[in-house]
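# Residue-level structural notes
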Amino acid sequence: MTASSEPAPRARSTGGTPAKTSAAATFALVFGVAALFSVLTAILAWIGLLLGIIGVILGIFGLKMSRRPGVTGRGVAIGGLVLSVLAVLLGLALAAGISTFVNDEGAVDRLQQQVDDLRDRLDD
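Residues numbered from 1 in each chain as written. Predicted model: local features only at pLDDT ≥ 70, side-chain atom pairs only at ≥ 80, totals over all residues. Heavy atoms only, no water.

### Structural notes on the overall build of the protein
Looking only at helices and strands, the protein has 4 helices and 2 strands in total. Its helices and strands taken in sequence order, the protein reads β-α-α-β-α-α from the N to the C terminus. Per-residue burial for the protein yields a buried fraction of 23% across its 124 residues. (Helix = DSSP H or I, 4+ residues; strand = E, 2+ residues; numbered from the N terminus. Buried < 20%, exposed > 50% of the residue type's maximum accessible area, 1.4 Å probe, protein only.)

Below you can see the structure in the form of structure tokens.
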């Protein structure tokens, strides 16, 4: 046989299926966005804090899963991880600010005075 009649060596393929995005990475992004929106509403900050923690865990798993062959989603996992960490930090800062404000008697008295003044204006 001559060199031209031999079949060309094939590159190893993964079976012809396209790479799939890691489900953990996708869920990390979803939880990160939901957590950030929840924290920014301030009323649902505690839910956002919980969603952020779940998003961080999923983001870490998504990064680990994206290293496997045939699995993509590294950028999605990083995005979810960043949003989740941001939501957790904002949630903790909000909780610390609220607890500091509530424990400051002078601030509570000023707020109560402002509420009373507004009530008096509405009654007039």
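### Digging into the packing of helix H3 (residues 74-103) against helix H4 (residues 105-123)
The interhelical angle for the contact between H3 and H4, taken along N-to-C directions, is 85°, at an axis separation of 5 Å. The angle between H3 and H4 places the two elements in the roughly perpendicular class. Between H3 and H4, the contacting residues are Phe101, Val102 and Asn103 on the first element and Glu105, Ala107, Val108 and Leu111 on the second. (Axes fitted to C-alpha atoms, helices over the stretch in contact; angles between N-to-C directions. Parallel < 35°, antiparallel > 145°, perpendicular 65-115°, else oblique. Contact = heavy atoms within 4.5 Å.)

### Considerations on the side chain of Ser84
Tracing the chain through its elements places Ser84 in helix H3. With sequence-adjacent residues up to four places away left out, Ser84 is seen in contact with Ala28, Phe31, Gly32, Gly52, Gly55 and Val56.

### Re the side chain of Ser22
As for its placement among the helices and strands, Ser22 is situated in the loop between strand S1 (20-21) and helix H1 (23-41). A distance of 3.3 Å separates the side chain of Ser22 from the backbone nitrogen of Ala24, its partner in a polar contact. Ignoring any residue separated from it by four or fewer positions in sequence, one finds Ser22 in contact with Gly62, Met65, Val71 and Thr72. (Polar contact = N/O pair within 3.5 Å; in protein donor to acceptor, adjacent residues only side chain to side chain.)

Shape descriptors only; they carry no functional weight alone.
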